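# Coordinate inspection notes
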Amino acid sequence: MTASAPVVSLEGVEKHFGAVCALGGVDLSVGRGECVGLVGHNGAGKSTLMNVLAGVLQPGAGRVVVAGETQDSYSTRRAKQLGIRCVFQELSLCPNLTVAENTRLFHPALKGFGWRRRAAALIRERLDEIFPGHGINPSTLVQDLSIGRRQMVEVARAFTVTDEPLTLVILASFLSAAMPVMSWLSISLPLVSSRLSSPAISSSLTISVPGRLS
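Residues numbered from 1 in each chain as written. Predicted model: local features only at pLDDT ≥ 70, side-chain atom pairs only at ≥ 80, totals over all residues. Heavy atoms only, no water.

## With respect to the environment of Q151
For Q151, the location among the structural elements is in helix α5 (residues 147-158). Considering only alpha carbons, one finds Q151 and L91, 60 residues apart in sequence, at a separation of 7.3 Å. (Helix = DSSP H or I, 4+ residues; strand = E, 2+ residues; numbered from the N terminus.)

## Description of the pattern of salt bridges
Close approach of charged atoms allows side chains of opposite charge to pair. Counting across every chain of the model gives 5 salt bridges. Here R126 ties to E129 by a salt bridge, and the two come within 2.8 Å at their closest N and O atoms. Of this pair, R126 and E129 both sit in helix α4 (residues 115-130), 3 residues apart, which is roughly one turn of the helix. In this structure E129 comes out as partly exposed when scored by relative accessible area, which is 42%. Two residues, E154 and R157, come together in a salt bridge whose shortest N-O distance is 3.6 Å. Note that E154 and R157 are positioned in helix α5 at a spacing of 3 residues, about one turn of the helix. The burial state of E154 is the same as that of R157; both residues are buried. (Salt bridge = Lys/Arg side-chain N within 4 Å of Asp/Glu carboxyl O. Buried < 20%, exposed > 50% of the residue type's maximum accessible area, 1.4 Å probe, protein only.)

## Focus on the packing of α4 against α5
Interaxial distance between α4 and α5 falls to 9 Å at its minimum, and their mutual angle equals 105°. Here α4 lies roughly perpendicular to α5, going by the angle between them. Each of I123, R126, L127 and I130 in α4 lies in contact with α5, whose residues at this interface are M152, V153, A156 and R157. Taken together, the residues of the contact of α4 with α5 sort by class into 6 nonpolar, no polar and 2 charged. (Axes fitted to C-alpha atoms, helices over the stretch in contact; angles between N-to-C directions. Parallel < 35°, antiparallel > 145°, perpendicular 65-115°, else oblique. Contact = heavy atoms within 4.5 Å. Nonpolar A, V, L, I, M, F, W, Y, C, P; charged D, E, K, R; others polar.)

## Details of the pairing of strand β6 (residues 84-87)
The two faces of β6 match: I84 and C86 on one face and R85 and V87 on the other face are all buried. Pairing between β6 and strand β7 (residues 168-171): 4 bridges, direction parallel. Each bridged residue has a counterpart across the sheet, and for I84 the counterpart in β7 is L168. (Pairing = 2+ DSSP bridges.)

## A short note on the confidence of the model for the chain
In this model, the chain carries an average pLDDT of 78, and 77% of its residues clear a pLDDT of 70 or more. Considering each helix and strand of the chain separately, the mean pLDDT is smallest for strand β9 (residues 204-209), with a value of 42, and largest for helix α3 (residues 99-106), with 93. Segment residues 191-211 is flagged for pLDDT under 50; beyond a separation of four residues in sequence, or across chains, it makes 79 contacts in the model. (pLDDT = per-residue confidence, 0-100.)

## So, the side chain of S9
Along the polypeptide, S9 turns up in strand β1 (residues 6-17). On the accessibility criterion, S9 (7% relative accessible area) is buried. In this structure the side chain of S9 is engaged in a polar contact, spanning 3.2 Å, whose partner is the side chain of S29. The contacts of S9, once residues within four sequence positions are left out, are L28, S29, R63, V64 and V65. (Polar contact = N/O pair within 3.5 Å; in protein donor to acceptor, adjacent residues only side chain to side chain.)

Okay, here's the thing in structure tokens:
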């Protein structure tokens, strides 16, 4: 793959829910280190598009291409193996577990004696790098954190690495906690928002209208 080749491409992607056309032949490419802003009103297909990219939804037609290879059996597991992760608007942290334990759920490779210490060190490193002065203790239960700090943990966890690569992180809502992530531009970063003013830090901007991109 050349330096200018897309890291991830969606080509002619279609998705229908019954008679409703959510995506009607959409093309989208994200280059290495590129921050792509995807904006559009509610119902324009932004979330559906990102769910296809994250492997949550299977397209009815079209191709998902990662690093130049068409993915015939694309799923969330395959996306994670390829280093593609998504931070959804609905946070996925387990409130009854600690920050470190939630990190362990994300990384099955963290096992054996001392896994809590290693998980705590892993998430603390990313929190320190992305959100200096965050004030979050990895041993704290998630339910005891404010919503803002939970967002920080969710974003930071998406950038942790153990035995899998990190290629692209999708922020499927323009979380206020995501702003410091812009310094991580060696990682491709799609940002999704319903507000045109939100992704002002994007290197390119794509507008979603019902069923297609423009």
